[in-house]
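Listed here are the chains, written in short residue letters.
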Amino acid sequence: MKRLLLSAMLLALALPAAAQVGDPPDLTHPAMDAARFAIVNFLDLDPLQVEAWDLLWAEHRDAEAPIRQQLADIQAQIDALFATGAPDPTELGVLVIERHALGEALIDVHVVYVDGFQALLDEAQMDRLTEIRIADRIQPWIPAFKAFELVRR
């Protein structure tokens, strides 16, 4: 019973992290090109900022790639352990800890990218980025306000 409970708890910890491992968007996709264009225009980035951002983005993607591969490998090992029906809790625990550490490394890579991007911006551009972040945070609440006609439908 304890083994089943431990396995269930470890699975519960592993699943949210597995959802974060998804492949990054394909940069050749037209939607990514449109998104890049929208960001450049909304923030009014100059050509030097765009060039620096492109380099920063490429470095970010290059730094993420091996970590994502390691995460996928560890997730495959975790999945294989669960497929046995009775995973060894110690082995599973070690893999979950490794996976967590890699997830933290991926977060660190992302933080470096975001900090680098923000460093490219002037004050007005940073204000606009902050507006987008606020809009993203409040977006889930907007339908409720629309339902009661407190904002335009």
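Residues numbered from 1 in each chain as written. Predicted model: local features only at pLDDT ≥ 70, side-chain atom pairs only at ≥ 80, totals over all residues. Heavy atoms only, no water.

**Q** Lay out unusual backbone geometry with the relevant residues and their values.
**A** In this model, Asp44 sits at a positive phi of 55 degrees, which is unusual for a non-glycine residue. Positionally, Asp44 belongs in the loop between helix H2 (30-43) and helix H3 (47-83). According to the relative accessible area criterion, Asp44 is exposed, its value standing at 58%. One non-glycine residue, Glu149, adopts positive backbone phi at about 55 degrees. By secondary structure assignment, the location of Glu149 is in the segment after helix H6 (142-147). Glu149 sits in the exposed class, given a relative accessible area of 55%. (Helix = DSSP H or I, 4+ residues; strand = E, 2+ residues; numbered from the N terminus. Buried < 20%, exposed > 50% of the residue type's maximum accessible area, 1.4 Å probe, protein only.)

**Q** So, a nonpolar patch on the surface: which residues are in play, and what are the values?
**A** Residues Ile134, Ile138, Trp141, Ile142, Phe145, Phe148, Leu150 and Val151 make up a contiguous nonpolar surface patch of about 840 Å² in total accessible area. If you list the elements that add at least two residues to the nonpolar patch, you get helix H5 (123-138) and H6. Here Ile142 shows up in helix H6. The class of Ile142 is partly exposed, set by a relative accessible area of 34%. (Patch = residues over 30% accessible without salt bridge, like charges linked within 9 Å, V, L, I, M, F, W, Y side chains within 5 Å. Areas by Shrake-Rupley, 256 points an atom, 1.4 Å probe, with all protein chains shown as cover. Salt bridge = Lys/Arg side-chain N within 4 Å of Asp/Glu carboxyl O.)

**Q** Can you explain the environment of Pro66? Please cite residues and give values.
**A** Here Pro66 is to be found in helix H3. In this structure Pro66 comes out as partly exposed when scored by relative accessible area, which is 45%.

**Q** Which residues make up the pattern of salt bridges, and what are the values?
**A** Here the structure, examined in full by the defined rule, presents two salt bridges. Put simply, Asp54 and Arg36 hold a salt bridge, and the shortest N to O gap is 2.7 Å. Here Asp54 is found in helix H3, whereas its partner Arg36 is found in helix H2, with 18 residues between them in sequence. Ionic pairing is found between Glu64 and Arg68, a salt bridge with its closest N-O pair at 3.5 Å. Remark: Arg68 and Glu64 occur in helix H3; sequence separation between them is four residues, near one turn of the helix. In this structure, Glu64 and Arg68 share a single accessibility class: buried.

**Q** Provide a residue-level description of the confidence of the model for the protein, including the pertinent values.
**A** The pLDDT averaged across the protein works out to 86; a share of 82% of its residues lies at or above 70. Counting interchain partners and residues more than four positions distant, the pLDDT-below-50 stretch residues 1-21 has 21 contacts. (pLDDT = per-residue confidence, 0-100. Contact = heavy atoms within 4.5 Å.)

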